[in-house]
Amino acid sequence: MAEALWWQRGVIYQIYPRSFQDSNADGIGDLAGIRQRLDYLWGLGVDAVWISPVYPSPMADFGYDIADYCDIDPIFGRLGDFDRLLAEVHARGLKLILDFVPNHTSEQHPWFLESRSSRQNPKRDWYIWRDPAPDGGPPNNWLANFGGSGWTFDGATGQYYYHAFLQQQPDLNWRNPEVRKAMYDVLRFWLDRGVDGFRVDVLWLLIKDEQFRDNPPNPAWQPHQAAIERLVQRYSADRPEVHAVVAEMRAVLDTYADRVLIGEIYLPLKWLVAYYGKGMNEAHLPFNFQLILTAWEAQAIARIVADYEAALPPGGWPNWVLGNHDQKRIASRIGRPQARVAAMLLLTLRGTPTLYYGDELGLENVAIPADRVQDPWEKNEPGLGLGRDPARTPMPWDASQNAGFTAGFPWLPLNPDHTTRNVASLAADPHSILSLYRRLIALRRDRATLHSGNYVASHTEGDVMTFERRHDQEPTLLVALNLGGSLQRVALPDDAKEARVLLSTELDRDGEVVRAGFDVRPAEGIILEISQT
Ligand code: GLC
Ligand code: CA
């Protein structure tokens, strides 16, 4: 087997920078704060850190509305702080991945200020401007994520501009070659500084239908769902021409050594895997969110793993994600006991795992009092549980005030159990979920079978999902995960003489030798090394 690259072998850790570590008591995490915590990440054993946007921004969408792609927002520090962080990340042998947000800018970006200033402005076509419909209304029926129409009228110039998200986030026109060139220059700006790659925001939305056809209604929509779901995003997303754009981005990265292109793409498998590109010339890793979107049930999970493995094109490297800053916390979705099983699944499947900060502590969604809501989605569509603040709360580090996150007033509340559920106390407990994460990451690093071996599904029975990982030079590993609440008996494969437990999610079975079969306790996962007959 060919030697795996760092982004294939490694584990990626996502930091939401506002919530990781505050260094100046303003209640908001920053780059200097992340720098102070690098030893924690090194000790956890992850290989790469992806940080959500830190560029200058009015923060209408907390950094996903960018006013300058080539600088750092003063809330997070200065360019010098960034360079220092990057140097210290690299000094520890880690990689740094930036968030690239090409679909839209902030309405405060100088490009948009120019574009909206007049119809004749040379940058008019850098954004998506359309005449009103004959009745004066929006040009078509497209909706915005976070509520309302996707079109906002500009009285001064008499046209509408399109925004897939907030009206403060106008979409760039990626059909315009000058836009493409300017954005590739942005990539080079950061690549030249030494960043190791990008996670690209809403990659599948970049190109819109050339004819701006209406989106069809979604018959499955229900009133408790977000308003955008009323329509199927047929003409506003995943247009065929987007693939040429992704290939161009990739070509920019390929002029540098060893960089990674990750795409945020929420699409069914068949369309998702198209983003590897024909001839593997698009994203290295189109994010695979199947574990977020699938019910936590053994048969269903086994099936999506099989479907995903089958859908991957030749040469396409898999990846898996349990959570991110837009989703409910895994520990809340499936419960704390199963969060340990999920950790084992994430770190034993074939493909690059991405961890979301705090999931290694079993952090849950934190209830946000009405007067502390920050997320614009919650403000625009309240009460539907769409808000993302609950999964963006500060990292609890220790039992001191504000869990060591800030000496000021935290921008979002801490988890109510922060005096016990924090890094310091979980690190001191050899049976904690944090200790489990450390063991899993270390095992994955040590065993080529886990980071580079094949995936072989086994028979999934009842609530127990079992699979093997195989490597031509190393012992086969058997993984058995009990997604249910009752004790289950699992048989060893016929050709196995015996097997030795390498790790249980309960961290209490190291070295146990089993023959013929073994028990898996409720919400337990086990990794065994098989001795062949
Ligand atoms: C992506 C980001 C999300 C953001 C949106 C608009 O989905 O992950 O946080 O609000 O894009 O940029
Ligand atoms: Ca700060």
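These numbers come from a predicted model, not from an experiment.

Time to look at the side chain of Arg 372. In this structure, Arg 372 sits in the loop between strand 11 (352–356) and helix 13 (376–380). Setting aside residues up to four positions removed in sequence, Arg 372 forms contacts with Phe 409, Pro 410, Trp 411, Leu 412 and Pro 413.

Another point: unusual backbone geometry. The phi dihedral of Phe 146 falls on the positive side, at around 75°, and the residue is not glycine. Mapped onto the elements of the fold, Phe 146 is located in the loop between strand 4 (129–130) and strand 5 (151–154). One non-glycine residue, Asn 402, lies in the positive phi region at around 50°. Relative to the helices and strands, Asn 402 resides in the loop between helix 13 and helix 14 (423–427).

Another point: the coordination of the calcium ion (ligand 2). Taken together, the protein donors to the calcium ion (ligand 2) comprise Asp 22 (OD), Asn 24 (OD1), Asp 26 (OD), Ile 28 (O) and Asp 30 (OD), at separations of 2.2 to 2.3 Å. Taking the relative accessible area as the measure of exposure, Asp 26 reaches 34% and is therefore partly exposed.

What follows is about the sheet that holds strand 16 (residues 496–504). Read across the sheet, 6 strands follow the order 12-13-14-19-16-17 without closing on themselves; strand pairing throughout is antiparallel. Every other strand in the sheet has two partners, leaving strand 12 (454–457) and strand 17 (513–514) as the edge strands with one partner each. Here strand 12 pairs with strand 13 (residues 464–471) via 4 bridges, running antiparallel. Paired with Asn 454 across the two strands is Arg 470, which belongs to strand 13. Against the sheet, helix 12 (residues 336–348) makes contact with strand 13, strand 14 (474–482), strand 16 and strand 19 (525–532), and its axis sits at roughly 150° relative to strand 14, the strand it touches most.

Attention shifts here to the packing of helix 12 against helix 15 (residues 433–446). Where helix 12 meets helix 15, the axes come as close as 10 Å, and the angle between the chain directions of the two elements is 15°. As summarised for this structure, helix 12 and helix 15 are arranged roughly parallel, according to the angle between their axes. Where helix 12 crosses over helix 15, the handedness of that crossing is right-handed. Of the residues in helix 15, those in contact with Ala 339, Arg 340, Ala 343, Met 344, Leu 346, Leu 347 and Thr 348 of helix 12 are Ile 433, Leu 436, Tyr 437, Leu 440, Ile 441 and Arg 444. A breakdown of the residues in the contact of helix 12 with helix 15 according to their chemical character gives 10 nonpolar, 1 polar and 2 charged.

In an α-helix, one full turn covers 3.6 residues, which means residues spaced three or four apart are oriented alike. Taking 1.5 Å of rise per residue, 13 residues should cover 18 Å, and helix 12 covers 19 Å from first to last C-alpha, within 8% of that figure. For helix 12, the set of buried residues is Gln 338, Ala 339, Arg 340, Val 341, Ala 342, Ala 343, Met 344, Leu 345, Leu 346, Leu 347 and Thr 348.

Bringing the domain arrangement of the chain into the picture now. The domain boundaries assigned to the chain delineate domain 1 (6–105 + 177–441), domain 2 (110–162) and domain 3 (453–532). On a C-alpha basis, the centroid separation for the pair domain 1 and domain 3 is 30 Å. Contacts between the two partners involve 24 residues from domain 1, matched on the other side by 28 residues from domain 3. Summing both partners gives a buried area of about 2000 Å² for domain 1 against domain 3, and 68% of it is carried by carbon and sulfur. Where domain 1 touches domain 3, the interface holds 1 salt bridge. One can count 10 residue pairs in polar contact (both at pLDDT 80 or more) joining domain 1 with domain 3.

Another point: the pattern of salt bridges. Using the criterion set out here, one finds 40 salt bridges in the structure. Where Glu 468 meets Arg 470, a salt bridge forms, and the shortest distance between an N and an O atom there is 2.8 Å. What makes Glu 468 buried here is its relative accessible area of 7%. Residue Arg 470 is classed as partly exposed on the basis of its relative accessible area, which comes to 36%. Where Arg 521 meets Asp 508, a salt bridge forms, and the shortest distance between an N and an O atom there is 2.7 Å. Of this pair, Arg 521 sits in the loop between strand 18 (517–520) and strand 19 while Asp 508 sits in the loop between strand 16 and strand 17, and the two are 13 residues apart along the sequence. A single salt-bridge network, built from bridges that share partners, covers Arg 35, Asp 39, Arg 84, Glu 88 and Arg 92.

Attention now moves to the sheet that holds strand 4. The sheet built from 3 strands is open, its strands ordered 4-6-5 with antiparallel pairing. Of all the strands in the sheet, just strand 4 and strand 5 have a single pairing partner and so form its edges. Of the pairings in the sheet, the one linking strand 5 to strand 6 (residues 159–162) comprises 4 bridges and is antiparallel in character. Its bridge partner lying in strand 6, Trp 151 is registered against Tyr 162.

Let us now look at helix 15. Over its 14 residues, helix 15 runs 20 Å from end to end, which matches the ideal 20 Å to within 8%, given 1.5 Å per residue. Of the positions making up helix 15, those classed as buried are Ile 433, Leu 434, Ser 435, Leu 436, Tyr 437, Leu 440, Ile 441, Leu 443 and Arg 444.

At a minimum axis distance of 11 Å, the contact between helix 4 (residues 79–91) and helix 6 (residues 177–193) shows a crossing angle of 55°. As far as their axial angle goes, helix 6 and helix 4 are oblique. Counting all contacts with helix 4, which are made through Leu 79, Phe 82, Asp 83 and Leu 86, the residues of helix 6 involved are Phe 189, Trp 190 and Arg 193. Taken together, the residues of the contact of helix 4 with helix 6 break down into 5 nonpolar, no polar and 2 charged.

Definitions and cut-offs
Residues numbered from 1 in each chain as written. Chains lettered and ligands numbered in written order. Predicted model: local features only at pLDDT ≥ 70, side-chain atom pairs only at ≥ 80, totals over all residues. Heavy atoms only, no water. Helix = DSSP H or I, 4+ residues; strand = E, 2+ residues; numbered from the N terminus. Contact = heavy atoms within 4.5 Å. Donors = N, O, S within 2.8 Å, 3.2 Å for Na, K, Ca; no water. Buried < 20%, exposed > 50% of the residue type's maximum accessible area, 1.4 Å probe, protein only. Pairing = 2+ DSSP bridges. Axes fitted to C-alpha atoms, helices over the stretch in contact; angles between N-to-C directions. Parallel < 35°, antiparallel > 145°, perpendicular 65-115°, else oblique. Left-handed = near helix turned anticlockwise from the far one by under 90°. Nonpolar A, V, L, I, M, F, W, Y, C, P; charged D, E, K, R; others polar. Expected span 1.5 Å × (residues − 1). Domains from an automatic or database assignment. Buried area = accessible area lost by both parts, 1.4 Å probe. Salt bridge = Lys/Arg side-chain N within 4 Å of Asp/Glu carboxyl O. Polar contact = N/O pair within 3.5 Å; in protein donor to acceptor, adjacent residues only side chain to side chain.

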